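Structural overview
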Amino acid sequence: MSIQAIEGTFTDSDGRYAIVVGRFNAFVVESLVDGAVDALKRHGVAEANIRIIRVPGAFEIPLAVKKVAEQKRDDAIIALGAVIRGGTPHFEYVSAESAKGVGQVSLDFGIPVANGILTVNSIEQAIERAGTKAGNKGAEAALSALEMVSLLKQLEG
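Anyway, here's the lowdown on the structure attached to this text.

How each quantity is defined
- Residues numbered from 1 in each chain as written.
- Predicted model: local features only at pLDDT ≥ 70, side-chain atom pairs only at ≥ 80, totals over all residues.
- Heavy atoms only, no water.
- Core = buried A, V, L, I, M, F, W, Y, C linked by side-chain atoms within 4.5 Å.
- Buried < 20%, exposed > 50% of the residue type's maximum accessible area, 1.4 Å probe, protein only.
- Helix = DSSP H or I, 4+ residues; strand = E, 2+ residues; numbered from the N terminus.
- Pairing = 2+ DSSP bridges.
- Axes fitted to C-alpha atoms, helices over the stretch in contact; angles between N-to-C directions.
- Contact = heavy atoms within 4.5 Å.
- Right-handed = clockwise from strand over helix to strand, strands pointing away.
- Parallel < 35°, antiparallel > 145°, perpendicular 65-115°, else oblique.
- Left-handed = near helix turned anticlockwise from the far one by under 90°.
- Salt bridge = Lys/Arg side-chain N within 4 Å of Asp/Glu carboxyl O.

Digging into the nonpolar core
- Formed by 28 residues in total, the largest nonpolar core has its most connected members in Y17, I19, L40, I78, L80 and L118.
- At the level of secondary structure, the elements contributing two or more residues to this core comprise strand 1 (17-22), helix 1 (26-42), strand 3 (76-84), strand 4 (113-120) and helix 5 (137-156).
- With eight residues, the top contributor of residues to this core is helix 1.
- With 19 residues, the next largest nonpolar core counts V65, V68, V102 and I111 among its residues.

A closer look at the sheet that holds strand 2 (residues 50-55)
- The strand order across the open sheet built from four strands is 2-1-3-4, with neighbouring strands paired in parallel fashion. In the strand order of this sheet, the two ends are held by strand 2 and strand 4, each with one partner. Within this sheet the neighbouring strands show an average axis-to-axis angle of 15°, counted without direction.
- Two elements, strand 3 and strand 4, share eight bridges in a ladder whose sense is parallel. Opposite A79, over in strand 4, you have N115 as the bridge partner.
- Along the sheet face, helix 1 touches strand 1, strand 2, strand 3 and strand 4 and points at about 155° away from the line of strand 3.
- Across the face of the sheet, helix 3 (residues 90-109) comes into contact with strand 3 and strand 4 while running at roughly 170° to strand 4.

Looking at the pairing of strand 1
- The element strand 1 is extensively covered by neighbouring structure, given that six of its six residues are classed as buried.
- Taken together, the six bridges between strand 1 and strand 2 define a ladder with parallel strand orientation. Its bridge partner being in strand 2, A18 is matched across the sheet by R51.
- Handedness of the strand 1-helix 1-strand 2 crossover: right-handed.
- As paired elements, strand 1 and strand 3 share five bridges and run parallel to each other. Considered in strand 3, the bridge of V21 is made with L80.

Things to note about the packing of helix 2 (residues 61-71) against helix 3
- Viewed as axis vectors pointing N to C, helix 2 and helix 3 meet at an angle of 15°, and their least axial separation amounts to 8 Å. Overall, the two elements helix 2 and helix 3 adopt an arrangement that is roughly parallel. Viewed along their axes, helix 2 and helix 3 form a crossing whose handedness is right-handed. Together, I61, P62, V65, K66, A69 and E70 of helix 2 and E97, S98, G101, V102, V105 and F109 of helix 3 make up the contact between the two elements.

A closer look at the pattern of salt bridges
- The tally for this structure, following the rule as stated, stands at 11 salt bridges.
- Across the pair D75 and R16 runs a salt bridge, and its minimum N-O distance is 4.0 Å. On the criterion of sequence distance, the pair formed by D75 in the loop between helix 2 and strand 3 and R16 in the segment before strand 1 is long-range, its members being 59 residues apart.
- Since its relative accessible area comes to 26%, D75 is described here as partly exposed.
- Here R16 falls in the partly exposed class, since its relative accessible area comes to 33%.

Quick look at the environment of K67
- Mapped onto the elements, K67 comes out in helix 2.
- Considering only alpha carbons, one finds K67 and V105, 38 residues apart in sequence, at a separation of 9.5 Å.

As structure tokens, then:
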């Protein structure tokens, strides 16, 4: 008996992708957007199959992600934003609610939602994850979305 392995690939470039972007902390987030768009295009996704939806910040991302999912226009959604810890509990609320919200949309609508919302302790950590030492988390989220679109196509057969 052999084990059957089902995995997504990065070569199925026919999908449509929505990128929902929180504008708050734009000095970091725009690098995530650039990384996500670059990753999608490098894997053959046409610019016409990529759209960017901007919202005020990470807390607003889940509602926009839900509205995008309701449209049934896209094969995957990429959520990008940055929540940087400050001196108040605000960080915990925003980071937890944005993560919970995008995850719930994925389950409710059966669409991949890649969570590329940075939740970091400092500006330096944010910069590291937006394209320097720790890679570009926007590009990583885009690759996750690509792989999940391919995997779901196989599972839905």
